[in-house]
Amino acid sequence: MNGEYAAYARRSACEEFLYNEAYLLDDRRVFEWFDLVTEDIDYRVPVRTTRERSADEEFSDQAYHLKEDHESLRVRIERLENDFAWSENPPSRTRRFVSNVTVLDADDDSFDVRSNLLVHRSHEDSTTPDLLSAERRDTLRRTEDGLGLAARLVLLDHTVLPTDSLSIIL
Amino acid sequence: MSNNEARRTANRSPEGIETLMETVGEQLEDGQLPVSVLHNEAVYEAERRRIFGQNWVFIGHETEIPEPGDYRQRYIGTDPFIFVRDEDGDVQVLFNSCRHRGSKVCRSEKGNSSHFRCPYHGWTYTTSGELVGVPQQRNAYQHLDTDEHGLHEAPRVESYHGLVFAALDPDVPSLEAYLGDATWYLDMYVKFIDMEVIGDPHRWEVETDWKTPAENFAGDNYHIPMGHKSAIDAGIGSDTATGEKQSDLYAIADASGHSFSLYQIESDDPNFWGHPPEVVDGFHPERLSEDQYEVARKSGVTLGTIFPNLSFIHLGGTNAPEKESVGTFVLRQWQPKGPGQMEVWNWILAPENASEEYKERVYESGMGTFSASGNFEVDDIAIWNGITEAAGSVFAEQQAATTNFTMGRFGDAAPERVPDWPGPGETYVHGGLTDENQLTFYRSWYDAMQEEPR
């Protein structure tokens, strides 16, 4: 396999993974999504602040909207399936748009992937959606069952969240 | 004028607010509140002046600006201020508006700077607000007295053990007098324990009136089994909610207009909100009375609201059932953003002298329970939003619809006044079955709304 083809195949595999998980989440098949997550998952959505251009960093390394491991993610997923989870019952309707997928680094077993994410979230009969926009930095790893999500960093474009709760997976 | 007419007038015009407030005064005595006050343009405008313009309002915690030059942008009501530690190490709360043309002189949410320079024409101020730079002053502004043109300061700024408050009204009583009996309870959090803010606050927009969560944290313990069933079923939250520990709930309905709820665990083993002994070792019992210490020792989850819009929850618990319980202290401010709209600000604090590892767990547990993604919080908000829709409705206005705060009012009901409670305030046991805490919140609100802007 020549190098160019290998790079194309890698990106395709990563795109397929990201699209598939987006479908699972949009279809509320959260347990199936959770099966794609590795046991050592590191899932983070840091708090962003408005800073001067000269500031080193807009994203906090201490404050997070979500900072989850396998156990705490499982709690969130299980809770969502509870009939009394009022934030998602009736559920919000989400549509995840994933684009600009770029494989930043790869070895035989894992891929560091950057992509853009736009989540269109609509509640009840409101015609005004909540729009969440972010860059994602993911590590996808080969497992016995195909690719798995080993790490995710969601870099939001918002400092004040334009949605009333983050009871969805980004 | 009938109540209905009064309400319709009030909803139409700022002048009608006095009539609406008269109705509020009468109805509160019967444990009722016109629901329309939770989504009403005239009420909102009056609140900006009478509530946020004339009371002590939380600005931030001193640990958010530890070094000279550290600053954060903050708001009093909706008015922009800079919360900054000046070069002398003093805390300042400066109006974020240039004295020349009014532009914001500070446009970042946080940072460190020796000066604030207006981007419009370059007028420059020190971190204590003095005007020290006016471009071409010798040619253009010879007459300008720079001493008279420093940044405006919030008229009053005081700190209570790290909690900084400011007031737009220079004539408010001292912060300590304003907090009054509430200090007895606050001392258990901020005097007994040197607290530290971890990272930056969460901020998010919610279509709910700021009074709804302020009322909820003032003492709505009745909603927990229903509102938070999903999280409790998942085995997370406080040890008392999950049934891990048995407790009695004390409602401090009126501590100088502020309200608290304290779950007390009767046991020889100390509880201290679930903080482990090695963390408790760093607390300061010498700063508490014996009575306060004993209440702290028995404390499971405790929460409350400092009028108007600062609430807190000190929660011994966890964000996942397999994980160890920790004590997490969450401060939040319900910032008004319009009729029926607010922005939530959420700070997670940990004992300053705990290990980094412990602080990290405190953060994760706080975030997993009470934050924009908090497994408890998210369900509250989904429920509260519906109140706003009803409150702004024509039908609620026509019907003079009220919300009900009459729980536990009758002789055979469970909540009882506790005569021998060691702390100040009007105290009830079985505190989940009384609305007195919430009524205290609305009485404070009603009283403040009577005050004509000065």
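Let us look at the structure shown here. (Residues numbered from 1 in each chain as written. Chains lettered and ligands numbered in written order. Predicted model: local features only at pLDDT ≥ 70, side-chain atom pairs only at ≥ 80, totals over all residues. Heavy atoms only, no water.)

When helices and strands are tallied, chain B shows 15 helices and 23 strands. The globule rule puts the C-alpha radius of gyration for 454 residues at 22 Å, and the 23 Å found for chain B is close to it. Taken over the C-alpha atoms alone, chain B extends approximately 80 × 65 × 35 Å along its principal axes. Counting the 454 residues in chain B, one finds 62% classified as buried. Counting every atom, chain B has about 17300 Å² of accessible surface; 44% of that belongs to carbon and sulfur. Computing the positive centroid from 34 side-chain charges and the negative centroid from 75, chain B places the two 7 Å apart. (Helix = DSSP H or I, 4+ residues; strand = E, 2+ residues; numbered from the N terminus. Rg over C-alpha atoms; globule rule 2.2 N^0.38 Å. Buried < 20%, exposed > 50% of the residue type's maximum accessible area, 1.4 Å probe, protein only. Areas by Shrake-Rupley, 256 points an atom, 1.4 Å probe, with all protein chains shown as cover. Lys, Arg positive; Asp, Glu negative; His and termini not counted. Charge placed at Lys NZ, Arg CZ, Asp CG, Glu CD.)

A few words on the pattern of salt bridges. Residues and elements named next belong to chain A. This model, assessed by the stated rule, comprises 46 salt bridges over all chains. Put simply, Arg76 and Glu68 hold a salt bridge, and the shortest N to O gap is 3.0 Å. In this pair, the class of Arg76 matches that of Glu68, namely buried. (Salt bridge = Lys/Arg side-chain N within 4 Å of Asp/Glu carboxyl O.)

This part is about the environment of Asp145 of chain A. All names here are of chain A. Looking at the secondary structure, you find Asp145 in the loop between β5 (130–143) and β6 (146–156). Judged by relative accessible area, Asp145 falls into the exposed class, the value being 76%. As for Asp145 and Leu36, which are separated by 109 residues in sequence, their C-alpha atoms are 8.7 Å apart.

If you trace the backbone, Asn82 of chain A turns up in the loop between α3 (70–80) and β3 (93–106). Beyond its immediate stretch of four places on either side in the chain, Asn82 of chain A contacts Lys229, Ser230 and Asp233 of chain B. (Contact = heavy atoms within 4.5 Å.)

Further remarks concern the interface of chain B and chain A. On the chain A side, the residues contacting the 44 residues of chain B number 35 residues. Counting the surface lost from both chain B and chain A, the interface buries some 3300 Å², and carbon and sulfur atoms represent 53% of this. Where chain B meets chain A, there are five salt bridges. Viewed at the interface, chain A and chain B are joined by 25 residue pairs in polar contact (both at pLDDT 80 or more). Elements with a contribution of two residues or more to the side of chain B that touches chain A: β6 (110–112), β13 (202–206), α8 (224–227), α9 (229–233), α12 (356–369) and α13 (377–391) of chain B. With six residues, the single largest contributor to the side of chain B that touches chain A is α13 of chain B. (Buried area = accessible area lost by both parts, 1.4 Å probe. Polar contact = N/O pair within 3.5 Å; in protein donor to acceptor, adjacent residues only side chain to side chain.)

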